[in-house]
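If you want the building blocks of each chain, they are given just below.
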Amino acid sequence: MAETNTIQYTAKDFKSDQEVRWCPGCGDHGILASLQKTLADMGIAREKYVFVSGIGCSSRLPYYMNTYGFHSIHGRAAAIATGVKIANPDLMVWEMTGDGDALAIGGNHFIHAVRRNIDIKILLFNNEIYGLTKGQYSPTSQKGLVTKTSPFGTIEEPFKVGELTIGSHGRFFARTVDYNLQLSGEVYREAALFRGTTVVEVIQNCVIFNDGVHDAITNKEFRDDRTIVLHQGQPMIFGKDRDKGLILEGIKLKVVKIGENGITEKDLLVHDAEEANPGIHYMLAGMQYPEYPFALGVIRAVKMQTYDGAMIEQHRHVQSISKIRSVDELLMSGSTWVVE
Amino acid sequence: MAETNTIQYTAKDFKSDQEVRWCPGCGDHGILASLQKTLADMGIAREKYVFVSGIGCSSRLPYYMNTYGFHSIHGRAAAIATGVKIANPDLMVWEMTGDGDALAIGGNHFIHAVRRNIDIKILLFNNEIYGLTKGQYSPTSQKGLVTKTSPFGTIEEPFKVGELTIGSHGRFFARTVDYNLQLSGEVYREAALFRGTTVVEVIQNCVIFNDGVHDAITNKEFRDDRTIVLHQGQPMIFGKDRDKGLILEGIKLKVVKIGENGITEKDLLVHDAEEANPGIHYMLAGMQYPEYPFALGVIRAVKMQTYDGAMIEQHRHVQSISKIRSVDELLMSGSTWVVE
Amino acid sequence: MGKRSKVIERDAVVIRFSGDSGDGMQLTGTLFSNTSALFGHNLSTFPDYPAEIRAPQGTVGGVSGFQVHIGHKLINTPGDYPDILVAMNPAAIRANAGFLKPGATIIYDTDSFTEKNIQRAGYKADPFTEDKIETLNLIGAPITTLVKETLKDLEIDPKTVLRTKNMFALGMVYWLFDSQLDYTEKFIDDKFGKKPVVAEANSKVLRAGYYYAETIEALTPSYRVLPAPIAKGVYRNINGNQATAWGFLAAAERAGLKLFIGSYPITPATGILEELALRKDLGVKSLQCEDEIAGICTAIGASYAGNLAVTSTSGPGLALKSEALNLAVMTELPLVVVDVQRGGPSTGLPTKTEQADLWQALYGRNGESPVVVIAAGTPSDCFHFAFESARIAVEHMTPVLLMTDSYLANGSEPWKIPAMKDLPAIKVPVAVKEEKEFMAYERDEKTLARKWAIPGTPGLEHRVGGLEKTKKGSVSYTPENHEYMVRMREEKVERIQSEVPDLKITGDKKADLLVIGWGSSYGHILTAVTELKEEGYSIAATHFNYIRPLPKNCEEVFSGYRKLVVCELNNGQFANYLRMKYQKFTFTQYNKIQGLPFTVGEIKDHCKTLLEGK
Amino acid sequence: MGKRSKVIERDAVVIRFSGDSGDGMQLTGTLFSNTSALFGHNLSTFPDYPAEIRAPQGTVGGVSGFQVHIGHKLINTPGDYPDILVAMNPAAIRANAGFLKPGATIIYDTDSFTEKNIQRAGYKADPFTEDKIETLNLIGAPITTLVKETLKDLEIDPKTVLRTKNMFALGMVYWLFDSQLDYTEKFIDDKFGKKPVVAEANSKVLRAGYYYAETIEALTPSYRVLPAPIAKGVYRNINGNQATAWGFLAAAERAGLKLFIGSYPITPATGILEELALRKDLGVKSLQCEDEIAGICTAIGASYAGNLAVTSTSGPGLALKSEALNLAVMTELPLVVVDVQRGGPSTGLPTKTEQADLWQALYGRNGESPVVVIAAGTPSDCFHFAFESARIAVEHMTPVLLMTDSYLANGSEPWKIPAMKDLPAIKVPVAVKEEKEFMAYERDEKTLARKWAIPGTPGLEHRVGGLEKTKKGSVSYTPENHEYMVRMREEKVERIQSEVPDLKITGDKKADLLVIGWGSSYGHILTAVTELKEEGYSIAATHFNYIRPLPKNCEEVFSGYRKLVVCELNNGQFANYLRMKYQKFTFTQYNKIQGLPFTVGEIKDHCKTLLEGK
Ligand SMILES: Cc1ncc(C[n+]2csc(CCOP(=O)(O)OP(=O)(O)O)c2C)c(N)n1
Ligand SMILES: Cc1ncc(C[n+]2csc(CCOP(=O)(O)OP(=O)(O)O)c2C)c(N)n1
Ligand code: SF4
Ligand code: SF4
Ligand SMILES: [Mg+2]
Ligand SMILES: [Mg+2]
């Protein structure tokens, strides 16, 4: 893949000439801004980026990036991105997708891309609704949500993006929030630098069809008490006053108050995103308010050979042992006979 | 759903008149036999069963059951089974599927059925290969497997069925082995009695295209030392001499020897399939030889409202509050006007 | 109610409400049409949304329109071009400038003509001169100012105040038509019942608009459209998607079956799923599935288990369903697949209308795969054809493809409500246990339909599936059996022809030109041909709702005309289908592939050329 | 080598090896044909597997067959019916009884005629009388006993002993043809190199069979087929799937592009993926995807990124790919989709052949969706048409659908190996950075193809997608732009007609009957028509490999004949397509929908009826 830090860019260099058409107030604006900034800072040549998306409000993003872009069809971005990356491993391939695009119609490509660990950067805009088609529930909508197709409330449990990712053998899962440009920037950068499939779930607000659905964890008043930002090698502390933390009790995580019952910072779990055993990451990704704080940051980042890397290696290996180097040689190999 | 234990059957009553066409020695024969026996013992009326399958050797099973059967198209059994169950919740719906059928082309329907907790009984015949199409690798094939489409070995990591199931918000996951009719019978019965989506992974041997792939854990000589059969409420003991067990060490499971380092049976983890927190089940389902014993039996069985049950409830509720009871009334509701 | 300097009596008037997506134009249009309907007009409406949820404010891309055609004669289309345009901002002028009737009236909010808005709409300075429409009847009103003024004493926030602007415009329009305000006031009360201040604000503004129009002399001419001579009955407005959904409800009731719908949202078909999701009271099982494939597959499962099963989608979704549709063909299960067509190929023009999925509906599957194909002609028609599709599917044990499109789905018209008892009962060919062994593919002698053996029935245990089957239902690779079954499936569908009503002709049985249409172009063709006949041309029209099988009398009908022209919103798919079926006739074609319905004018012009070039 | 009481010299002989799936008939057939090829015969082969991996032993469902047609004149088909049947068990007799030439020879293993086997095959007691074939030339040999006897001194397990039975039969057949054993012995040595005992056993048994045949007088008549007059060159046997795969390799090399294949296994197409998966040495990127949709989508991604991208499948898979195929149509990216047809609809007859996906290939997508459709005619032809498909896709920036079928995929024939330098270079329309702004949909004046702007190229950053686009590549909902783009995409495909070779005629330019075929029926039609002409009938044949666009000279060709008959393995899809395109001709049709190719005899009979009924 392309080298980093070679070129000086500003965020503006990543803005295309297309008018941004999301609703005013939509969380997507923040995601775009943060992404443009992050890419500018990476210093990778602009032409090395390909932004692939499916269909949805979120999937419009590639139009606004002054890079190569492919706004494809609903649910297929992961498969298309896979093809792009395999065809030219030198490109940095980003997939922009929504909760419907990636997890409803696109669920199969999503889990298989993750399983294969193909080096694509998936940004999943989770607004827990179908925005573009004007407000139907999605596979991440909370049970009971009233929408146009669930006028009496949905009757199905949602996927949790992190659980599905890790359950699909995922090596990288991170989470951020649309308005938090700082955290988002950090997370996008980590994803960009990781080799393998990275799934970043962005908690996104759809002002029109699902406004405020994330309020319980995004509202300024309580968000510090209800979310925990995980940092590699740091104890799991959170809260406005940084007085709460997580410990393991038996087979479960537990929230504790520092200072109470003799608990000190040292008793807390220390975050290790690089731990291969998925058990703890699985639990962290599944944490939900009110029982637990909602986890943000890079939750899992375990290195593994990538699919694209393994393919290159296998090609090299076979080419080093095979006698066939051209089609002519192939056609002449094996059983042939001569008519004279 | 239908009541149990009302009718006297023998396994023969569940045999159809169709000739069984699997290869001699194929693990599928054992699965069929065990299933026929289990169903006979359940005592549910034969006509209440619907066996839905996709395409694959495994998906041939419905032809051999003297029940209602639908041998559908590749990968779609979960969706078809969902339709059958919703249309008539009084039926007991079984899905017969393979690792390719359920997890390659059918991956999306699989994870969504599991997420919705629709009351269907999924039996996934895992032979880690595409049998019917004569030997290509599947999403569960071990990395490196040489097959017709991976002549130099596969370069992708497999799904673990249990991890994917739990990651999809699964409430019931169990595992058995084709030749173990006893354990299989127990597991099938548990699945039948559970209300919700049950995923049973059957470790199955394909004698033709992937013979012996499960040998490390199924070979008579070592299988007792390399597998653990989990029983509700029982300590996690295994081994030919029942001298090994599992404990939790930090965030990970660990194999210990009873008697060594002062470990007694009491120190072992006690299996609780009904624990809602998925963390421990996730780890158990992911255990692999040689690091761990391979887990068999019912690994997770957590009660939850089913999708079909919730739909019935919602129908009742809406019907109790709506004034519309017929199409005539609907058509006359809302804004109308009379022309005289 | 005030003096009127000049009242124009008209057979029909077209009015278009146009503004920013946030301006409430859809609601305004709906209120206006409902009021007209109550007054006794015939009418037809068509909304026209932007593809984006909220395109940037003030731009042409963000303009939302709603067109209403009212009349006291038969109204078959929402009208080509408006007589009256209500434009809430300069972008609305720009969007409609090319599509106005000569002499049209434009009511607009002068307050919105700020420099910024004018430029956003793509003008330099003066919309009216730049688009050369200064000659029209322009009626500017400082709506924003007046609305603020009207509501200055109410305690409401400025946002809500501005949201009432549409009511002001609507009030002005009502005065133009000398309409009553009762209906709209009642509606406002119902809608804002819980927020009485908001209700009061809207009512106040509505009346303010009405009186403002009365006050200013400029508001002439005003229009009078007499009530139409309409058949007695109870009426309601209905759009195509709602009519489709309700047609299935009616069919389920008349068949004594539960209705099942498995779908995945897609524009412009989502409304069918949304409508049926509301009907838990009638026991509808509605599943929003994970994708289109699951949509049809759950429906196939439900059909197998004995429900009346339906799946709805648009073109790209139909493509995804094609493999599974063949499973229904092979298992011979009843199933209705609705394709609400939109502009293609691929994602194409998702919010626009087109008739280009015909080939796909007829032939878009592997192998020899006959299905019934039916196309509705008007929004309310969808009720009838949804019912028919379900009836045929069940009685003939076959999948049926029902085609509508964006134009029908969103368009609406008054509809005389039928009584269920007047609709035919649907006979369900349920299998019952008999002495002899049950044969899953034994066929009815007349229809060739197999019987529906419903799981749960003792003694009928059997297996079906996608592999070729014998009569008994066992898998068979025998050459002769396959050929036999292919022919049976084909013949079963062809025999439905005996139930297809004959083609009807508008006009004479013999003439110079026959205009042929199918599906949603019904209204436009009918209007065009009726007008041309009135103008003295030797012309007739015929319309297809049954595409496969075709009506019996096609040849007979075609034989009566010197020229045949097939008009459709694609590149000639139906024309080619007819060429293949009726080789001896020469079909010319008239096509439009612009994401828009035909206009009556276009069809008339083309026909005239054909007739004059004879 | 021994006396021969009677040697029959023949232009051509058909031989069929038939036995249980485990009996090694595919290998036996392959060895026989390779030996014949080395001797200089023309030949054509066709294997015929059971649908089940291992159907119950001894049953008709489990019979595996391999037919070889060798000759010293041109061989265009694997032959209708065998002159010689090798039957390893009673089930093999039953499976073939209805399909033998009058006077045919049957070599069979008398040891296998146990009561149990006879009954398993569905006979009561005596296969030969029950199937009324006792009049044929029956040659029984106690093969099992003889094999055991032959190997009694070798130290090998009984299973391996029994597995050599096929070699005994092959030995007998070689004697019949007076063939050399060298090739087969060499093959045996290569194959069992690591297990010398097994190699020895097989060789021993092969020779034992040969000498046994020599010994028994019953083995007359024996056959002699002279070598064919074959063009000079290096030859190999090739089947359709391999030829397809290799054609793409050749195209990639001649285009200077990497080859990418994204596929999902499906019978009978899997062989293409399997063949290309082997070619890591040539840098092929082969992806076995999670499903067919991912197959085409990864290929579209790879095409976008600059690879020569291919996806292969069969009918049900093509149905699943149809939505994404439209994305390639809309984005105008080069892509080859291979459809190896099989019996449909739905899962249908997965291991049998049929030509019933033509409609789907032409029209199975939403909206106006033109793609190029090409069909190969013989197994080795697949190389040429795979190359052509790739060339057209790249040079014209369009998806191309290449159609083969089960018959071509599995059938094989000798093929003269071409040299890469003799194949045309493929010109890749790569976009390069210029002064002016890059326009993604700017078209070549002649071909109307857009340029391929490959990610990684500085300055060509652009966006493509499934929504309708302007020339620049921005989204556009403008009515005129859509109509323009629809017509451009259509016209782009139509212009390829200028590169389509003219139809060729076998026979005279004017005659009473023209037999029209497409795709894999080439050999059967050619043979039938050639024979009929030799018999004095006024007949000719023409064959279509280019389905869309059609060759330029169709009308001219059709005009020369009094009657036209379209022969195809479906219910008349190509016939209807021609009716639609060439309305003034009357096309009759001759169809077979049995999962089997035509026989030459069937076509001849039908043509005779047509000619005699004139
Ligand atoms: C094959 C197909 N099916 C359905 C659709 C309609 N559709 C477009 S976007 C969408 C859902 C979008 O939801 P999400 O991915 O969450 O994106 P958001 O708009 O919320 O960002 C749907 C159902 C389509 N375009 N294509
Ligand atoms: C749409 C479609 N794609 C592909 C196939 C070919 N196919 C049939 S079964 C199968 C895989 C079967 O594997 P698995 O589900 O593991 O079943 P097994 O035979 O191993 O029991 C494939 C690829 C098909 N029938 N239909
Ligand atoms: S509909 Fe929702 S997700 Fe879409 S642009 Fe508007 S606010 Fe954003
Ligand atoms: S191929 Fe394998 S899975 Fe299929 S029937 Fe044979 S042994 Fe069983
Ligand atoms: Mg969303
Ligand atoms: Mg398998």
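Residues numbered from 1 in each chain as written. Chains lettered and ligands numbered in written order. Predicted model: local features only at pLDDT ≥ 70, side-chain atom pairs only at ≥ 80, totals over all residues. Heavy atoms only, no water.

**Observations concerning the pairing of strand β13 (residues 335-341) of chain C**
Residue and element names in this part refer to chain C.
Right, on to step 1. For β13, a buried count of seven out of seven residues is recorded, marking the element as mostly surrounded by other parts of the structure.
Right, on to step 2. The β-α-β motif built from strand β12 (residues 308-313), the intervening helix α13 (residues 315-331) and the parallel element β13 has right-handed crossover chirality.
Right, on to step 3. As paired strands, β13 and strand β15 (residues 399-405) are joined by seven bridges and run parallel to one another. Bridging across to β15, valine 336 finds its partner in valine 400. (Buried < 20%, exposed > 50% of the residue type's maximum accessible area, 1.4 Å probe, protein only. Helix = DSSP H or I, 4+ residues; strand = E, 2+ residues; numbered from the N terminus. Right-handed = clockwise from strand over helix to strand, strands pointing away. Pairing = 2+ DSSP bridges.)

**Comments concerning the domain arrangement of chain C**
Accessible area lost when the parts come together is the quantity often used to give the size of an interface.
Residue and element names in this part refer to chain C.
Right, on to step 1. Parsing chain C into structural domains produces domain 1 (7-224), domain 2 (236-422) and domain 3 (505-611).
Right, on to step 2. Centre-to-centre, using C-alpha coordinates, domain 1 lies 36 Å away from domain 3.
Right, on to step 3. Contact with domain 1, which involves five residues of that partner, is made by seven residues of domain 3.
Right, on to step 4. At the boundary of domain 1 with domain 3, total buried surface from both sides reaches about 550 Å², with 57% on carbon and sulfur atoms.
Right, on to step 5. Joining domain 1 to domain 3, the criterion identifies zero salt bridges.
Right, on to step 6. Our count for the domain 1 to domain 3 interface comes out at two residue pairs in polar contact (both at pLDDT 80 or more).
Right, on to step 7. Of the residues in the side of domain 1 that touches domain 3, the class split is two nonpolar, two polar and one charged. (Domains from an automatic or database assignment. Contact = heavy atoms within 4.5 Å. Buried area = accessible area lost by both parts, 1.4 Å probe. Salt bridge = Lys/Arg side-chain N within 4 Å of Asp/Glu carboxyl O. Polar contact = N/O pair within 3.5 Å; in protein donor to acceptor, adjacent residues only side chain to side chain. Nonpolar A, V, L, I, M, F, W, Y, C, P; charged D, E, K, R; others polar.)

**Some remarks on the interface of chain B and chain C**
Right, on to step 1. At the junction of the two partners, chain B supplies 56 residues and chain C supplies 71 residues.
Right, on to step 2. Taken together, both faces of the contact between chain B and chain C bury some 5200 Å²; the carbon and sulfur share is 62%.
Right, on to step 3. Of all residues in chain B, B:Tyr68, B:Leu331 and B:Trp337 bury the most surface against chain C, accounting for 16% of the area lost on that side.
Right, on to step 4. A salt bridge links C:Glu290 to B:Arg116, with the shortest nitrogen-to-oxygen separation between them at 2.9 Å.
Right, on to step 5. At the junction of chain B and chain C, the tally comes to 31 residue pairs in polar contact (both at pLDDT 80 or more).
Right, on to step 6. Mapped by element, the contributors of at least two residues to the side of chain B that touches chain C are β2 (68-71), α2 (77-87), α4 (107-116), α10 (307-321), α11 (327-332) and β12 (337-339) of chain B.
Right, on to step 7. Tallying contributions element by element places α2(B) first for the side of chain B that touches chain C, with seven residues.
Right, on to step 8. The residue makeup of the side of chain B that touches chain C, split by class, is 25 nonpolar, 22 polar and nine charged.
Right, on to step 9. Pairing between β2(B) and strand β17 (residues 463-465) of chain C: three bridges, direction parallel. By the bridge assignment for β17(C), B:His71 is matched with C:Gly465.

**Concerning the site of ligand 3**
Right, on to step 1. By nearness alone, eleven residues border ligand 3, and A:Cys23, A:Cys26, A:Cys57, A:Cys206 and A:Val207 come closest of all.
Right, on to step 2. At ligand 3, the nearby residues belong to more than one chain, namely chains A and C.
Right, on to step 3. Looking at the shell around ligand 3 residue by residue, the class counts come to nine nonpolar, two polar and no charged. (Near = heavy atom within 4 Å.)

**A short note on the nonpolar core**
Right, on to step 1. The biggest cluster of nonpolar side chains holds 359 residues, and the ones touching the most others in it are C:Phe544, C:Phe558, C:Phe574, D:Phe544, D:Phe558 and D:Phe574.
Right, on to step 2. Residues within four places of D:Phe558 in sequence aside, it is in contact with D:Leu514, D:Ile516, D:Phe544, D:Leu564, D:Leu578, D:Tyr582, D:Phe585 and D:Phe587. (Core = buried A, V, L, I, M, F, W, Y, C linked by side-chain atoms within 4.5 Å.)

**With respect to the confidence of the model for chain C**
Right, on to step 1. For chain C, mean pLDDT is 93; residues scoring 70 or higher make up 97% of the total.
Right, on to step 2. Among the prediction metrics, the complex's ipTM stands at 0.95, with pTM recorded as 0.95. (pLDDT = per-residue confidence, 0-100.)

**Some remarks on the interface of chain D and chain A**
Right, on to step 1. Every contact between the two is made by 71 residues of chain D and, on the other side, 56 residues of chain A.
Right, on to step 2. Carbon and sulfur atoms supply 62% of the area that chain D and chain A bury against each other, a total of about 5200 Å² over both sides.
Right, on to step 3. For the pair chain D and chain A, the interface holds three salt bridges.
Right, on to step 4. Linking chain D with chain A are 30 residue pairs in polar contact (both at pLDDT 80 or more).
Right, on to step 5. Mapped onto the side of chain D that touches chain A, the elements with two or more residues apiece are α1 (25-39), β9 (233-239), α10 (240-255), β11 (285-288), α12 (292-304), α13 (315-331), β16 (412-416) and β17 (463-465) of chain D.

**Regarding the site of ligand 4**
Right, on to step 1. Near ligand 4, the surroundings consist of eleven residues, among which B:Cys23, B:Cys26, B:Cys57, B:Cys206 and B:Val207 are the closest.
Right, on to step 2. In this structure, ligand 4 is bordered by residues of chains B and D.
Right, on to step 3. Grouping the constituent residues of the shell around ligand 4 by class yields nine nonpolar, two polar and no charged.

**Some words on the sheet that holds strand β5 (residues 172-177) of chain A**
Right, on to step 1. What the nine strands build is an open sheet, ordered β7(A)-β11(A)-β5(A)-β6(A)-β4(A)-β3(A)-β1(A)-β2(A)-β17(D); its pairing is mixed. Strand pairing shows two members of the sheet lacking a second neighbour, β7 (227-230) of chain A together with β17 of chain D, which therefore form its edges. Recorded for the sheet is a direction-independent mean angle of 20° between the axes of neighbouring strands.
Right, on to step 2. Taken together, the four bridges between β7(A) and strand β11 (residues 294-301) of chain A define a ladder with parallel strand orientation. By the bridge assignment for β11(A), A:Thr227 is matched with A:Phe294. (Axes fitted to C-alpha atoms, helices over the stretch in contact; angles between N-to-C directions.)

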